[in-house]
Amino acid sequence: MKKVFCIGEALIDFVAEKQGSDLSKAVQFTKKAGGAPANVACAISKLGGKGIFIGCVGNDPFGKFLLDVLKHEGVDISLVQLSKTFTTLAFVSLAEDGERDFVFSRGADKELEYDHDLRKTLKGNILHLGAATALLGGSLEKAYGKYLFDGLTKEMFISFDPNYREDLWKDEQEVFIKKCMPFIEKSHLCKFSKEEAQLLSGKSDIHEACDVLHEVGTRIITVTLGGEGTLLSAQGMKKIIPSIEVRPVDTTGAGDAFIGCLLNQISNLGNFDPVFEDFALLEKMVAKANKAGAITTTNFGAIVALPTKDQLEV
Ligand code: ATP
(Lines give C-alpha, C1' and ligand atoms only; values in the text may rest on other atoms or scores of the structure.)
Protein backbone atom coordinates (compact mmCIF):
# COMPACT_ATOMS: atom_id res chain seq x y z
CA MET A 1 0.00 0.00 0.00
CA LYS A 2 1.36 3.40 -0.97
CA LYS A 3 1.34 6.41 1.32
CA VAL A 4 -0.83 9.44 0.64
CA PHE A 5 0.79 12.71 1.71
CA CYS A 6 -1.78 15.49 2.13
CA ILE A 7 -0.14 18.90 2.29
CA GLY A 8 -1.77 22.13 3.40
CA GLU A 9 -3.81 23.61 6.18
CA ALA A 10 -5.34 22.29 9.36
CA LEU A 11 -7.41 24.97 11.05
CA ILE A 12 -10.15 25.55 13.58
CA ASP A 13 -13.61 26.41 12.29
CA PHE A 14 -15.58 28.33 14.91
CA VAL A 15 -19.16 27.89 13.79
CA ALA A 16 -21.74 30.27 15.30
CA GLU A 17 -24.27 28.27 17.28
CA LYS A 18 -27.24 30.46 16.44
CA GLN A 19 -27.50 30.59 12.67
CA GLY A 20 -29.45 33.39 11.04
CA SER A 21 -27.47 36.21 12.59
CA ASP A 22 -24.28 37.82 11.39
CA LEU A 23 -20.97 37.40 13.20
CA SER A 24 -21.28 40.74 14.98
CA LYS A 25 -24.24 39.32 16.90
CA ALA A 26 -23.02 35.74 17.38
CA VAL A 27 -22.37 34.82 21.01
CA GLN A 28 -21.57 31.11 21.12
CA PHE A 29 -19.37 29.16 18.75
CA THR A 30 -18.63 25.46 18.32
CA LYS A 31 -14.98 24.58 17.80
CA LYS A 32 -14.43 22.16 14.90
CA ALA A 33 -11.28 20.71 13.36
CA GLY A 34 -11.06 21.62 9.69
CA GLY A 35 -8.89 22.27 6.68
CA ALA A 36 -9.46 20.29 3.48
CA PRO A 37 -6.06 18.47 3.34
CA ALA A 38 -6.41 17.46 7.00
CA ASN A 39 -9.90 16.12 6.26
CA VAL A 40 -8.58 14.14 3.27
CA ALA A 41 -5.82 12.58 5.40
CA CYS A 42 -8.51 11.56 7.92
CA ALA A 43 -10.71 10.14 5.14
CA ILE A 44 -7.83 7.94 3.98
CA SER A 45 -6.92 6.73 7.48
CA LYS A 46 -10.54 5.97 8.38
CA LEU A 47 -10.68 3.75 5.28
CA GLY A 48 -7.62 1.82 6.47
CA GLY A 49 -5.09 3.62 4.26
CA LYS A 50 -1.88 5.47 5.07
CA GLY A 51 -2.92 9.12 5.37
CA ILE A 52 -0.09 11.46 6.24
CA PHE A 53 -0.73 15.12 7.00
CA ILE A 54 1.97 17.72 6.35
CA GLY A 55 1.11 21.18 7.59
CA CYS A 56 1.98 23.78 10.18
CA VAL A 57 -0.06 24.50 13.31
CA GLY A 58 0.59 26.81 16.25
CA ASN A 59 2.33 25.50 19.33
CA ASP A 60 -0.82 26.39 21.26
CA PRO A 61 -3.98 24.69 22.60
CA PHE A 62 -5.73 24.86 19.21
CA GLY A 63 -2.78 23.25 17.46
CA LYS A 64 -2.77 20.54 20.14
CA PHE A 65 -6.52 20.00 19.60
CA LEU A 66 -6.01 19.57 15.83
CA LEU A 67 -3.16 17.12 16.30
CA ASP A 68 -5.20 15.14 18.84
CA VAL A 69 -8.08 14.85 16.35
CA LEU A 70 -5.79 13.75 13.50
CA LYS A 71 -4.01 11.23 15.73
CA HIS A 72 -7.33 9.86 16.96
CA GLU A 73 -8.34 9.21 13.34
CA GLY A 74 -5.09 7.33 12.70
CA VAL A 75 -3.37 10.01 10.61
CA ASP A 76 0.44 10.07 10.66
CA ILE A 77 1.33 13.50 12.09
CA SER A 78 5.09 12.99 12.38
CA LEU A 79 5.77 15.54 9.60
CA VAL A 80 3.63 18.32 11.08
CA GLN A 81 5.57 21.50 11.84
CA LEU A 82 4.90 23.62 14.94
CA SER A 83 5.11 27.40 14.93
CA LYS A 84 5.17 30.20 17.49
CA THR A 85 2.43 31.84 15.40
CA PHE A 86 -1.15 31.05 16.46
CA THR A 87 -3.10 28.23 14.78
CA THR A 88 -5.16 29.40 11.79
CA LEU A 89 -8.78 30.18 12.73
CA ALA A 90 -11.97 30.72 10.74
CA PHE A 91 -15.20 32.11 12.19
CA VAL A 92 -18.37 31.31 10.28
CA SER A 93 -22.03 32.23 10.62
CA LEU A 94 -25.02 32.02 8.32
CA ALA A 95 -26.66 35.44 8.20
CA GLU A 96 -30.43 35.91 7.83
CA ASP A 97 -30.26 36.34 4.05
CA GLY A 98 -28.50 32.95 3.77
CA GLU A 99 -25.12 34.58 3.06
CA ARG A 100 -22.12 33.26 4.93
CA ASP A 101 -20.53 35.76 7.28
CA PHE A 102 -16.86 34.84 7.49
CA VAL A 103 -13.79 36.10 9.31
CA PHE A 104 -10.52 34.40 8.53
CA SER A 105 -7.55 34.77 10.82
CA ARG A 106 -4.64 33.23 8.99
CA GLY A 107 -1.87 32.05 11.26
CA ALA A 108 0.54 29.14 11.37
CA ASP A 109 -0.64 27.25 8.26
CA LYS A 110 1.12 29.73 5.96
CA GLU A 111 4.46 28.97 7.61
CA LEU A 112 4.92 25.41 6.40
CA GLU A 113 8.52 25.10 5.23
CA TYR A 114 9.54 22.99 2.25
CA ASP A 115 11.52 19.96 3.35
CA HIS A 116 14.05 18.88 0.74
CA ASP A 117 14.78 15.62 2.56
CA LEU A 118 11.19 14.55 2.07
CA ARG A 119 11.82 13.89 -1.61
CA LYS A 120 13.12 10.40 -0.94
CA THR A 121 10.07 9.56 1.17
CA LEU A 122 7.61 10.97 -1.35
CA LYS A 123 9.07 8.99 -4.25
CA GLY A 124 6.70 6.30 -5.53
CA ASN A 125 3.84 7.52 -3.33
CA ILE A 126 0.87 9.86 -3.72
CA LEU A 127 0.96 13.61 -3.07
CA HIS A 128 -2.34 15.44 -2.59
CA LEU A 129 -2.25 19.22 -2.92
CA GLY A 130 -5.62 20.50 -1.78
CA ALA A 131 -5.26 23.49 0.49
CA ALA A 132 -7.82 26.26 0.36
CA THR A 133 -5.16 28.58 1.76
CA ALA A 134 -1.98 27.53 -0.09
CA LEU A 135 -2.34 29.98 -2.95
CA LEU A 136 -2.83 32.91 -0.55
CA GLY A 137 0.93 33.23 -0.05
CA GLY A 138 3.41 32.47 2.71
CA SER A 139 6.07 29.77 2.73
CA LEU A 140 3.24 27.21 2.29
CA GLU A 141 2.67 28.54 -1.24
CA LYS A 142 6.40 28.32 -1.99
CA ALA A 143 6.49 24.75 -0.63
CA TYR A 144 3.54 23.81 -2.86
CA GLY A 145 5.39 25.04 -5.91
CA LYS A 146 8.61 23.29 -4.93
CA TYR A 147 6.98 19.94 -4.23
CA LEU A 148 5.27 20.21 -7.60
CA PHE A 149 8.28 21.17 -9.65
CA ASP A 150 11.19 19.61 -7.84
CA GLY A 151 11.45 16.76 -10.30
CA LEU A 152 8.84 14.81 -8.41
CA THR A 153 6.09 14.77 -11.00
CA LYS A 154 7.60 11.78 -12.80
CA GLU A 155 8.28 9.90 -9.62
CA MET A 156 4.94 10.05 -7.89
CA PHE A 157 1.20 10.44 -8.42
CA ILE A 158 0.03 14.01 -7.89
CA SER A 159 -3.53 14.99 -7.10
CA PHE A 160 -4.83 18.59 -7.00
CA ASP A 161 -8.05 20.06 -5.59
CA PRO A 162 -8.16 23.86 -5.94
CA ASN A 163 -10.69 24.21 -3.09
CA TYR A 164 -11.90 27.60 -4.29
CA ARG A 165 -13.40 29.65 -1.48
CA GLU A 166 -15.47 32.60 -2.61
CA ASP A 167 -14.86 34.30 0.75
CA LEU A 168 -11.11 34.32 0.16
CA TRP A 169 -10.93 35.15 -3.56
CA LYS A 170 -14.05 37.06 -4.58
CA ASP A 171 -12.12 40.20 -5.56
CA GLU A 172 -9.21 38.32 -7.14
CA GLN A 173 -10.63 35.50 -9.21
CA GLU A 174 -8.18 36.11 -12.06
CA VAL A 175 -5.21 35.76 -9.71
CA PHE A 176 -6.68 32.50 -8.37
CA ILE A 177 -7.15 31.10 -11.88
CA LYS A 178 -3.60 32.02 -12.88
CA LYS A 179 -2.14 30.45 -9.73
CA CYS A 180 -4.03 27.18 -10.30
CA MET A 181 -2.79 26.62 -13.85
CA PRO A 182 0.66 25.12 -13.05
CA PHE A 183 -1.02 22.68 -10.68
CA ILE A 184 -3.53 21.60 -13.32
CA GLU A 185 -0.66 21.27 -15.77
CA LYS A 186 1.50 19.06 -13.56
CA SER A 187 -1.05 16.98 -11.64
CA HIS A 188 -2.10 13.53 -12.79
CA LEU A 189 -5.58 13.87 -11.25
CA CYS A 190 -7.64 17.00 -10.62
CA LYS A 191 -10.80 17.10 -8.54
CA PHE A 192 -13.05 20.04 -9.25
CA SER A 193 -16.52 21.05 -8.13
CA LYS A 194 -18.79 22.14 -11.00
CA GLU A 195 -18.22 25.80 -10.10
CA GLU A 196 -14.44 25.35 -10.03
CA ALA A 197 -14.40 23.59 -13.40
CA GLN A 198 -16.45 26.44 -14.88
CA LEU A 199 -14.38 29.19 -13.27
CA LEU A 200 -11.01 27.69 -14.21
CA SER A 201 -11.95 26.84 -17.81
CA GLY A 202 -14.17 29.81 -18.61
CA LYS A 203 -16.76 27.35 -19.99
CA SER A 204 -20.26 26.89 -18.57
CA ASP A 205 -20.66 23.41 -20.11
CA ILE A 206 -18.78 20.99 -17.85
CA HIS A 207 -17.87 18.63 -20.71
CA GLU A 208 -16.27 21.52 -22.58
CA ALA A 209 -14.69 22.66 -19.32
CA CYS A 210 -12.97 19.27 -18.99
CA ASP A 211 -11.61 19.51 -22.54
CA VAL A 212 -10.08 22.91 -21.79
CA LEU A 213 -8.58 21.69 -18.51
CA HIS A 214 -7.14 18.52 -20.09
CA GLU A 215 -5.41 20.77 -22.60
CA VAL A 216 -3.71 22.52 -19.69
CA GLY A 217 -2.20 19.16 -18.77
CA THR A 218 -4.02 16.95 -16.25
CA ARG A 219 -4.94 13.48 -17.54
CA ILE A 220 -7.74 12.54 -15.14
CA ILE A 221 -10.53 14.93 -14.12
CA THR A 222 -13.37 14.34 -11.69
CA VAL A 223 -16.08 17.00 -11.44
CA THR A 224 -18.17 16.41 -8.32
CA LEU A 225 -21.85 17.20 -8.82
CA GLY A 226 -23.42 16.73 -5.36
CA GLY A 227 -26.44 14.38 -5.46
CA GLU A 228 -25.99 13.85 -9.21
CA GLY A 229 -22.67 12.03 -8.73
CA THR A 230 -19.42 12.78 -10.53
CA LEU A 231 -18.35 13.48 -14.09
CA LEU A 232 -15.28 11.39 -14.85
CA SER A 233 -13.15 12.53 -17.78
CA ALA A 234 -10.06 10.52 -18.77
CA GLN A 235 -8.49 8.61 -21.63
CA GLY A 236 -10.60 10.60 -24.15
CA MET A 237 -13.86 9.44 -22.49
CA LYS A 238 -16.42 11.16 -20.28
CA LYS A 239 -19.13 9.65 -18.13
CA ILE A 240 -21.33 10.80 -15.27
CA ILE A 241 -21.06 8.18 -12.53
CA PRO A 242 -24.20 8.32 -10.34
CA SER A 243 -24.00 8.47 -6.57
CA ILE A 244 -26.16 6.50 -4.12
CA GLU A 245 -29.41 7.89 -2.75
CA VAL A 246 -29.15 9.39 0.73
CA ARG A 247 -30.90 11.91 2.95
CA PRO A 248 -28.29 14.63 3.40
CA VAL A 249 -28.19 16.64 6.62
CA ASP A 250 -24.81 18.40 6.20
CA THR A 251 -22.70 18.37 3.02
CA THR A 252 -19.49 19.58 4.73
CA GLY A 253 -16.58 17.32 3.88
CA ALA A 254 -18.30 15.35 1.09
CA GLY A 255 -15.71 16.48 -1.45
CA ASP A 256 -12.86 15.57 0.91
CA ALA A 257 -14.39 12.14 1.55
CA PHE A 258 -14.71 11.66 -2.22
CA ILE A 259 -11.10 12.48 -3.09
CA GLY A 260 -9.79 10.66 0.02
CA CYS A 261 -11.61 7.49 -0.98
CA LEU A 262 -10.45 7.76 -4.59
CA LEU A 263 -6.80 8.26 -3.58
CA ASN A 264 -7.03 5.44 -1.05
CA GLN A 265 -8.06 3.06 -3.83
CA ILE A 266 -5.26 4.30 -6.08
CA SER A 267 -2.82 3.76 -3.18
CA ASN A 268 -3.74 0.08 -3.19
CA LEU A 269 -2.61 -0.44 -6.81
CA GLY A 270 0.82 -1.97 -7.40
CA ASN A 271 1.69 0.84 -9.80
CA PHE A 272 -0.16 3.83 -11.21
CA ASP A 273 -0.38 2.67 -14.86
CA PRO A 274 -3.93 1.18 -14.65
CA VAL A 275 -5.52 4.55 -13.82
CA PHE A 276 -4.21 5.93 -17.11
CA GLU A 277 -5.21 2.89 -19.16
CA ASP A 278 -8.33 1.30 -17.69
CA PHE A 279 -11.44 3.54 -17.78
CA ALA A 280 -13.67 0.79 -16.35
CA LEU A 281 -11.41 0.55 -13.29
CA LEU A 282 -11.59 4.32 -12.80
CA GLU A 283 -15.39 4.17 -13.09
CA LYS A 284 -15.54 1.60 -10.30
CA MET A 285 -13.24 3.68 -8.12
CA VAL A 286 -15.29 6.83 -8.67
CA ALA A 287 -18.53 4.97 -7.84
CA LYS A 288 -17.03 3.92 -4.51
CA ALA A 289 -15.73 7.44 -3.87
CA ASN A 290 -19.25 8.78 -4.61
CA LYS A 291 -20.56 6.46 -1.92
CA ALA A 292 -18.00 7.81 0.56
CA GLY A 293 -19.09 11.38 -0.29
CA ALA A 294 -22.77 10.47 0.02
CA ILE A 295 -22.35 8.78 3.43
CA THR A 296 -20.52 11.88 4.71
CA THR A 297 -23.59 14.03 3.98
CA THR A 298 -25.78 11.90 6.25
CA ASN A 299 -24.06 13.05 9.44
CA PHE A 300 -23.14 16.45 10.90
CA GLY A 301 -19.53 17.70 10.82
CA ALA A 302 -16.72 16.85 8.42
CA ILE A 303 -14.28 14.47 10.11
CA VAL A 304 -16.82 12.67 12.32
CA ALA A 305 -19.03 12.00 9.31
CA LEU A 306 -16.30 10.46 7.13
CA PRO A 307 -17.05 6.76 6.56
CA THR A 308 -15.01 3.89 7.95
CA LYS A 309 -14.00 0.93 5.77
CA ASP A 310 -16.86 -1.14 7.23
CA GLN A 311 -19.49 1.54 6.52
CA LEU A 312 -18.29 1.76 2.93
CA GLU A 313 -18.37 -1.99 2.35
CA VAL A 314 -22.03 -2.41 3.46
P1 ATP B 1 -17.05 20.34 -0.77
O2 ATP B 1 -17.01 19.30 0.32
O3 ATP B 1 -15.86 21.21 -0.77
O4 ATP B 1 -18.35 21.08 -0.86
P5 ATP B 1 -17.66 19.21 -3.38
O6 ATP B 1 -18.52 20.37 -3.81
O7 ATP B 1 -16.71 18.65 -4.33
O8 ATP B 1 -16.85 19.53 -2.08
P9 ATP B 1 -19.98 17.49 -3.43
O10 ATP B 1 -20.15 17.55 -4.89
O11 ATP B 1 -21.02 18.13 -2.59
O12 ATP B 1 -18.58 18.02 -2.90
O13 ATP B 1 -19.86 15.98 -2.98
C14 ATP B 1 -18.82 15.11 -3.38
C15 ATP B 1 -19.42 13.80 -3.83
O16 ATP B 1 -20.21 13.24 -2.76
C17 ATP B 1 -20.38 13.95 -5.01
O18 ATP B 1 -19.68 13.84 -6.23
C19 ATP B 1 -21.33 12.78 -4.78
O20 ATP B 1 -20.82 11.60 -5.32
C21 ATP B 1 -21.40 12.66 -3.26
N22 ATP B 1 -22.57 13.41 -2.77
C23 ATP B 1 -22.60 14.68 -2.31
N24 ATP B 1 -23.87 15.05 -1.99
C25 ATP B 1 -24.66 13.99 -2.24
C26 ATP B 1 -26.07 13.72 -2.14
N27 ATP B 1 -26.92 14.65 -1.71
N28 ATP B 1 -26.52 12.51 -2.52
C29 ATP B 1 -25.68 11.55 -2.97
N30 ATP B 1 -24.35 11.74 -3.11
C31 ATP B 1 -23.83 12.94 -2.75
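Residues numbered from 1 in each chain as written. Predicted model: local features only at pLDDT ≥ 70, side-chain atom pairs only at ≥ 80, totals over all residues. Heavy atoms only, no water.

- Named according to an unreviewed UniProt entry, the protein chain is Carbohydrate kinase originating from Flagellimonas sediminis.
- In its Sequence similarities (unreviewed entry) section, the UniProt entry covering the protein chain states "Belongs to the carbohydrate kinase PfkB family." (UniProt positions renumbered as here; feature names shortened; annotations may be inferred.)

1. Quick look at the state of the cysteines
- If you walk through the whole model with that rule in mind, you get 0 disulfides.
- Distance from the sulfur of C56, which forms no disulfide, to the nearest cysteine sulfur (C6) is 17 Å.
- No disulfide involves C210; its sulfur sits 10 Å from that of C190, the nearest cysteine.
- Look at C210 and you get buried, because its relative accessible area is 0%. (Disulfide = S-S within 2.5 Å. Buried < 20%, exposed > 50% of the residue type's maximum accessible area, 1.4 Å probe, protein only.)

2. Digging into the environment of K25
- Locating K25 in the fold gives a position in the loop between β2 (11–16) and β3 (29–34).
- Between the C-alpha atoms of K25 and Y164, which are 139 residues apart in sequence, the distance is 27 Å. (Helix = DSSP H or I, 4+ residues; strand = E, 2+ residues; numbered from the N terminus.)

3. Comments concerning the site of the ligand
- The immediate surroundings of the ligand are formed by 19 residues, with K191, T224, G226, S243 and N290 found nearest.
- Measuring from an oxygen atom of the ligand, one finds a side-chain N or O atom of K191 at 2.6 Å.
- Interatomic distance of 2.9 Å between a backbone N/O atom of G226 and an oxygen atom of the ligand.
- Burial of the ligand by the protein chains amounts to 83% of its free accessible area of 620 Å².
- If you list the elements that add at least two residues to the shell around the ligand, you get β11 (189–193), α9 (254–267) and α11 (279–296).
- With 3 residues, the top contributor of residues to the shell around the ligand is α11.
- Residues that form the shell around the ligand fall into these classes: 6 nonpolar, 12 polar and 1 charged. (Near = heavy atom within 4 Å. Polar contact = N/O pair within 3.5 Å; in protein donor to acceptor, adjacent residues only side chain to side chain. Areas by Shrake-Rupley, 256 points an atom, 1.4 Å probe, with all protein chains shown as cover. Nonpolar A, V, L, I, M, F, W, Y, C, P; charged D, E, K, R; others polar.)

4. Observations concerning the sheet that holds β2
- Judged by pairing direction, the sheet is mixed, and its 4 strands sit side by side in the order β3-β2-β7-β8 without closing on themselves. The sheet is open, and its two borders are formed by β3 and β8 (100–105), each paired with just one other strand. Going across the sheet, the axis of each strand differs from the next one's by a mean of 20 degrees, ignoring polarity.
- In this sheet, strand β7 (residues 89–94) lies alongside β2 in parallel orientation, the contact comprising 4 bridges. Bridge pairing in β7 links F14 to F91.
- In the packing of helix α2 (residues 61–72) onto the sheet, the strands contacted are β2, β3 and β7, and the crossing angle to β3 comes to about 55 degrees. (Pairing = 2+ DSSP bridges. Axes fitted to C-alpha atoms, helices over the stretch in contact; angles between N-to-C directions. Contact = heavy atoms within 4.5 Å.)

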